Amino acid sequence: MASTGVRNGGPRMSTKLDRQGAGATPKAAAGKQRLSSAAGGAYRRTSSGPLPAAGGRASSDGVSSRVRVAVRLRPRNAEELAADADFGDCVELQPELKRLKLRKNNWESDTFEFDEVLTEFSSQKRVYEVVAKPVVESVMEGYNGTVMAYGQTGTGKTFTLGRLGEEDTAARGIMVRAMEDILADVTPETDSVSVSYLQLYMEMIQDLLDPVNDNIAIVEDPRTGDVSLPGATVVEVRDQKSFVDLLRVGEAHRIAANTKLNTESSRSHAILMVNVRRSVKGRAEMDVSISGENGHSSSMMGSLRPPVIRKSKLVVVDLAGSERIDKSGSEGHTLEEAKSINLSLSALGKCINALAENSPHVPVRDSKLTRLLKDSFGGTARTSLVVTIGPSPRHRGETTSTIMFGQRAMKVENMVKLKEEFDYKSLCRRLDIELDKLIAENERQRKYFDDEVERIRAEAQCRIAEAERECKITLENEKMKYHQEYLDSIKILEEKWKIHQQSPKKQIKEAESTSNDVGEVHNLLQNEKMLRQSAEEEASDLKNQVSHWKKLEATATAEVVKLRKMLDTEASQKEKLEEEIGVLRSQLLQMSMEADETRRSLDKGDGPGKIFPGLDSLVSQTRSSQPREQSNGPKQPIAKLFEQVGLQKILSLLESEEPDVRVHAVKVVANLAAEEANQEKIVEAGGLTSLLVLLRSSEDETICRVAAGAIANLAMNETNQDLIMAQGGVTLLSMTASDAEDPQTLRMVAGAIANLCGNDKLQTRLRGEGGIKALLGMVRCGHPDVLAQVARGIANFAKCESRAATQGNKVGKSLLIDDGALPWIVKNANNEAAPIRRHIELALCHLAQHEINSKDIISEGALWELVRISRDCSREDIRMLAHRTLTSSPTLQAEMRRLGIKM
C-alpha cells in the first residue's frame, strides 16, 4: 500500500487582528522578534489597539501573528503539454482540505497543509482576496504589511503580483488591486498615499522610477532598528491611473532575460513600497471632551492638542525565480545574474530557517534582500506569502524545495504593532495659519476704518462739487433756452419774407419742368426699343451655345464611361494588393506566435559575439532559435518563413508605411540574422543595405534597437564587416549612439562596433569614421551591459594593434591613446563587474606591449594597474601576459626600479 506522510506548517490563525490585544502573550512572542527591534521615541505611540484616553498609558506590546502561506499551481504550458503528455502531474491539490500531495512515484506521496491551496483555475480576484486583502485591510488600520511571491522561475510570480490587466481587467495582479482598495478607503483631504518602486539587481538597489539612481544605500536607525531608503524616489499617488502609469514605467526599466525556462525571466527582485498616512478622526475631540469634564482643560487648550496620525507601509515583493543553471541554460552575464539571485534567495532561506528553529542568531546581514525584509519575517509587519509551483514532473526537485520553503515560513511568528504619532508639524502649521488669520483680520479692520474715514470725506467733497456743478448747469440751460427762442423767432420771420418774394417766379419754373418731362419720356421709349433688340440677339446666341454644349456633353459622357472602367480595373488591382499585404502581415504575426509557442523547446545557439539573441523581453516575442535535434520534432520556424513568405517579401516589408508592419518585419530579419546559415542569404538579398537605410531613416526606438542588433550579428563575419564599412555603417552606428538614451539600444550599437574592432584591416578606417569616439561616448550611460560591450571593443582594438606592431605593420603611438581612451581604461581596470574588468585588463596588457606607449602608461598611472594585474588577476593567462609585458619593457622596468616596485 502507498505510504503517505503528513507535514503541517503549524496551526492556522484567524485573519483578523486583535485590536485590543486580548489574550496575547507578548513575553513569549517577543523572543521571536529576530529581524526588528522595538521602536521608541518621545512622541511616537506603538500599540496593538486604539490609543488610551487622556491620562492613560499606551501598551508597547504587539499581537502575535504567524506568517500566512498560500500555494498556487500554474497550469501546464505548451512545452509541458507536448513533452510530458505521457506523465501525470507531480502534485495533487485538495483545496477543500487545504492540502497538497507531492508524488514521489506512482505509489508514494507526501502531504502538506497550507493556509490556502489555489488550483490552476483560481482567478486573480480569488488569489487577491485570500492572500493580500487581509494584509491591505491591516495596513489601512495602521499596521505594516508584506505580500511576497516565491517560486521557481516561470511559475507565475510576476503574473500573480504585477499584472497590469490593461487588455483584460480580470487579469489584474495584487499590486493594482491593492492600490484600488487603498485609494477607495482614504480621504484625499486628510490622508496621503505615496509609492516607491525598486529592484535589487546584482546586490545593488536601483530605482525603477529614476534609472539614473542605480545604487541606493540602506540606512538603519541605530535607536529603533528601522530600515529605510532615503535615496529612493517617492511619488504621491492621487488616482489609480497615475499609479498604473508608474508601474508601467517601472516594468519598462526592470531587467529581464530569455532563458530556457522563461522567455521573460526577471533578473532582479522587484519591491513596491506603499506608504499610507491617515489621520485618526475623533481622537482629539474625545480627549478634549474628557479633559473638559474633569475640569483640567478649556476649549482653547483643546484646540492646542496635536492631531493623531497613523503611518503604515505595504511592501509587495516579486522575488526573482530560483533556477538551476543546467536547466535554465544561463551563461555569460546571465549566469552572473543567476548566481546573484540564488545567493540572495539562499540568504533569505537561512534567515527563515533560523526564525523557524528559534535560533539565537539570524544572519540578516548576509544579503541586502534580508535587510530589506527585516520587518517582514520576525518583525512587526503582517506577512502573507504565496509560493508558486508548476505541475511538470521534470521539475519535482524545484517544486519540493519551494514547498519546503513555504512550510518553514509558516512557522515564523511576527509581532504586529499599531503605530500612532502626534502630528506636531500639523499643529504648528495650524497655529501659524490661525496667527496669520488674526494678524490679517486686525490689518483688515484697521484698513477698513481708514478706508471708511476716507470714504466719508470723499463723499462730502463729491456732494459739494455736485451741488456747485448742478447750479452752474441750471444757469447755462436757462441762458441757452432764452437765446434759442430768440433765434427761432427771427428765422420764422425771414422764411415768411422769402415766400412772399418768390411767388411770381414759381409759376415760370413749373411750365419749364413740364416740357422737360415730355422729352425724358421720348428718350426712355427709344432706349427700350434698343434694349429689346439686344435681348433678342442674346437669346439667339444662347440657343446656339446650348446646342454646342449638348454635343460636348455627349462627348464627355463617353469619356466618363471610359474613366469609370479604368477606375474599376484599378480598384480591383488595389484590392488584390491589399489582400496580398494582409496575407503577408498575418503570416508574420503567425510566425511570431509560433516562435513564442515553441521557444521553450529550442536551444539558444548563442556565440560569444552574438548580441541580438540576448535581447531583453522587448524583442523576445519574435525570437526563434535552433530547435533541438529530434527526429519527429516540430519544423523550424525560420524554414517555414522561407517557404511560406520568402526573404524578398520580408525585406520589402521593411519599407512599409505602417509602423507595426515595419516592427514585425525588422524583428523577423533580426531573428534570421542570428543564424549564421542565413547571414549570407540576407546580405545577397540586400538585407544589410535595408537595415542600414532603416537605421538612418527611422525614429522609432524599437526599430533602431532591433536593427542595430541585427547588424551586430552580421558584423561577426569578416566579409560582412567590409560591406558594413563600405556602406558607411560605422558613421550610422556612431550617429545612433549619440542620439540614443536607452541602455539596450546602446548595448546593441556598442556590440556591433566591438565586432568591427576585431578586424585588423579596418583599424584606421574605423578610427577615422569616429568608431572609437562613439564607443567612448557610450560610457555616459553607465549601464553594466553597455560598459561590457565598450570594454570588449577596446580590447579587440588593442589586440589588433599589438599584433600589427609585433608583425612590423604599425609604427607610432596607439590610436586608442590618441583618442583619449587610456584614462577611462585606468579608471575601470578594477571594475566590480567581471566581464568589464577582464576586457579592460586584457586591453591594458596589449597597449603596454608596444614600447612607444610606455610613457603614456606611466603618466596616466596605468603602471600600478599592470602590477596589480600581474599579481592579483583571477585569470592566469592575463596575469602571465601582464608579467611578460612588465619584464620585457625597459621603460617600465626603469620606472619600477625608481619606484621600488619588485616583481
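Since the model is a prediction, treat every value here as computed from it, not as a measurement.

What to know about the overall build of the protein
Working step 1: The helix and strand inventory of the protein stands at 32 helices and 21 strands.
Working step 2: Expressed as a percentage of contacts within the protein between residues at least 6 apart in sequence, the contacts between residues at least 24 apart total 74%.
Working step 3: When the accessible surface of the protein is summed, it comes to about 48000 Å², and 53% of that surface belongs to carbon and sulfur atoms.

Examining the UniProt feature "binding site: ATP" (unreviewed entry) in the protein
Working step 1: With numbering matched to this structure, UniProt assigns "binding site: ATP" (unreviewed entry) to G151, Q152, T153, G154, T155, G156, K157 and T158.
Working step 2: Along the chain, G156 turns up in the loop between β9 (145–151) and α4 (157–162).
Working step 3: In this structure G156 comes out as partly exposed when scored by relative accessible area, which is 24%.
Working step 4: Relative to the assigned elements, T158 resides in helix α4.
Working step 5: If we skip the residues at most four places from it in the chain, T158 touches R163, R254, S266 and D318.

Considerations on a negative patch on the surface
Working step 1: A surface patch of like charges, here negative, comprises D700, E701, D739 and E741.
Working step 2: As for its position among the elements, E701 is in helix α19 (residues 701–714).
Working step 3: A relative accessible area of 34% places E701 in the partly exposed class.

Regarding unusual backbone geometry
Leaving glycine aside, a negative phi is the common case for residues, and trans is the common case for peptide bonds.
Working step 1: For K98, which is not glycine, the phi dihedral falls at a positive 55 degrees.
Working step 2: Mapping K98 onto the fold places it in the loop between β5 (91–94) and β6 (99–103).
Working step 3: One non-glycine residue, M202, lies in the positive phi region at around 55 degrees.
Working step 4: By secondary structure assignment, the location of M202 is in the loop between β10 (192–201) and β11 (204–207).

Looking at the pattern of salt bridges
Between side chains of opposite charge, a pair can form when the charged atoms approach closely.
Working step 1: Following the criterion strictly, the structure yields 36 salt bridges and no others.
Working step 2: With a closest N to O distance of 2.9 Å, D742 and R705 form a salt bridge. Taken together, the residues D742 in the loop between α21 (729–739) and α22 (743–757) and R705 in helix α19 connect sequence positions 37 residues apart.
Working step 3: Here the salt bridges do not stand alone but share partners, grouping E166, K241, D245 and R248 into one network.

Examining helix α12 (residues 396–409)
Working step 1: Here α12 spans 20 Å end to end across 14 residues, near enough to the 20 Å set by a 1.5 Å rise per residue.
Working step 2: Taken residue by residue, α12 has E398, T399, T402, I403, F405, G406, Q407 and A409 as its buried positions.

Side note on the packing of helix α30 (residues 862–872) against helix α31 (residues 876–888)
Working step 1: Here α30 crosses α31 at 130 degrees, and the two axes come no closer than 7 Å. Viewed along their axes, α30 and α31 adopt a mutual orientation that is oblique. Seen along the crossing, α30 lies across α31 with a hand that is left-handed. Across the interface between the two elements, L863, L866, V867, I869, S870 and R871 from α30 touch I878, R879, A882, H883 and L886 from α31.
Working step 2: For the contact of α30 with α31, the per-class residue count stands at seven nonpolar, two polar and two charged.

A short note on the state of the cysteines
Working step 1: One pass over the structure, following the stated rule, counts zero disulfides.
Working step 2: The closest cysteine sulfur to the non-disulfide-bonded C757 is located on C800, 8.1 Å from its own sulfur.
Working step 3: Using a relative accessible area of 3% as the deciding quantity, one classes C800 as buried.

Description of a nonpolar patch on the surface
Working step 1: On the surface, Y486, L487 and I490 cluster together into a nonpolar patch covering about 270 Å² of accessible area.
Working step 2: Here L487 shows up in helix α13 (residues 424–598).

Some points on α21
Working step 1: Considered for burial, the residues of α21 that qualify are G729, V730, L732, L733, S734, T736 and A737.
Working step 2: Elements in contact with the buried residues of α21: α18 (687–697), α20 (718–726), α22, α23 (763–768) and α24 (771–777).

Description of the packing of aromatic side chains
Working step 1: Inspection of the entire model under this criterion finds one aromatic pair.
Working step 2: Seen from their ring centres, Y150 and F405 are 3.8 Å apart, and the 10 degrees between their planes marks the pair as stacked. Placement of Y150 in strand β9 and of F405 in helix α12 is noted, with a sequence separation of 255 residues between them. Considered together, Y150 and F405 belong to a single accessibility category, that of buried residues.

Considerations on the side chain of E865
Working step 1: Residue position: E865 is located in helix α30.
Working step 2: Sequence-distant contacts of E865, defined by excluding residues within four places in its chain, comprise V826, A829, N830 and L844.

As for the pairing of β10
Put simply, side chains in a regular strand alternate between the two faces of the sheet.
Working step 1: Most of β10 is tucked away: nine of the 10 residues are buried.
Working step 2: For β10 and strand β17 (residues 269–279), the ladder comprises nine bridges, and the chain directions are antiparallel. Within β17, the residue paired with S194 across the bridge is N275.
Working step 3: Sheet topology note: the β10/strand β14 (residues 235–236) ladder contains two bridges and is antiparallel. Following the sheet pairing, S194 is matched in β14 by E236.
Working step 4: With four bridges connecting them, β10 and β11 associate as antiparallel partners. From the neighbouring strand, L198 faces β11, where its bridge partner is D207.
Working step 5: Linking β10 to β11, which pair antiparallel, is a turn of two residues; within it M202 sits at a positive phi near 55 degrees.

Brief notes about the environment of N713
Working step 1: Summarising the element assignment, N713 is placed in helix α19.
Working step 2: It is 8.5 Å that separates the C-alpha atoms of N713 and E676, two residues lying 37 residues apart in sequence.

Structural notes on the side chain of K157
Working step 1: Inspection of the secondary structure assignment puts K157 in helix α4.
Working step 2: It is D318 that comes nearest to the buried, bridge-free K157 among opposite-charge side chains, at 5.7 Å.
Working step 3: Once residues lying within four places of it in the same chain are set aside, the contact partners of K157 are A149, Y150, G151, Q152, D318, L319, A320, G321 and T388.

Section: the confidence of the model for the protein
Working step 1: Summarising the model, the protein shows a mean pLDDT of 78, and 80% of its residues fall at 70 or more.
Working step 2: Low pLDDT, under 50, characterises residues 284–302; the predicted model gives this stretch 13 contacts beyond four residues in sequence or across chains.

Observations concerning the packing of helix α28 (residues 834–848) against α31
Working step 1: Look at α28 against α31: their axes get within 9 Å of each other, and the N-to-C directions meet at 25 degrees. The pairing of α28 with α31 is recorded here as roughly parallel in orientation. Pair α28 / α31 crosses with left-handed handedness. Packed against α28, whose contacting residues are R838, E841, L842, C845, H846 and A848, the element α31 presents I878, L881, A882 and T885 at the interface.
Working step 2: Looking at the contact of α28 with α31 residue by residue, the classes come out as six nonpolar, two polar and two charged.

Definitions and cut-offs
Residues numbered from 1 in each chain as written. Predicted model: local features only at pLDDT ≥ 70, side-chain atom pairs only at ≥ 80, totals over all residues. Heavy atoms only, no water. Helix = DSSP H or I, 4+ residues; strand = E, 2+ residues; numbered from the N terminus. Contact = heavy atoms within 4.5 Å. Areas by Shrake-Rupley, 256 points an atom, 1.4 Å probe, with all protein chains shown as cover. UniProt positions renumbered as here; feature names shortened; annotations may be inferred. Buried < 20%, exposed > 50% of the residue type's maximum accessible area, 1.4 Å probe, protein only. Patch = residues over 30% accessible without salt bridge, like charges linked within 9 Å, V, L, I, M, F, W, Y side chains within 5 Å. Salt bridge = Lys/Arg side-chain N within 4 Å of Asp/Glu carboxyl O. Lys, Arg positive; Asp, Glu negative; His and termini not counted. Charge placed at Lys NZ, Arg CZ, Asp CG, Glu CD. Expected span 1.5 Å × (residues − 1). Axes fitted to C-alpha atoms, helices over the stretch in contact; angles between N-to-C directions. Parallel < 35°, antiparallel > 145°, perpendicular 65-115°, else oblique. Left-handed = near helix turned anticlockwise from the far one by under 90°. Nonpolar A, V, L, I, M, F, W, Y, C, P; charged D, E, K, R; others polar. Disulfide = S-S within 2.5 Å. Phe/Tyr/Trp six-rings, centres within 6.5 Å; stacked < 30°, edge-to-face > 60°. Pairing = 2+ DSSP bridges. pLDDT = per-residue confidence, 0-100.

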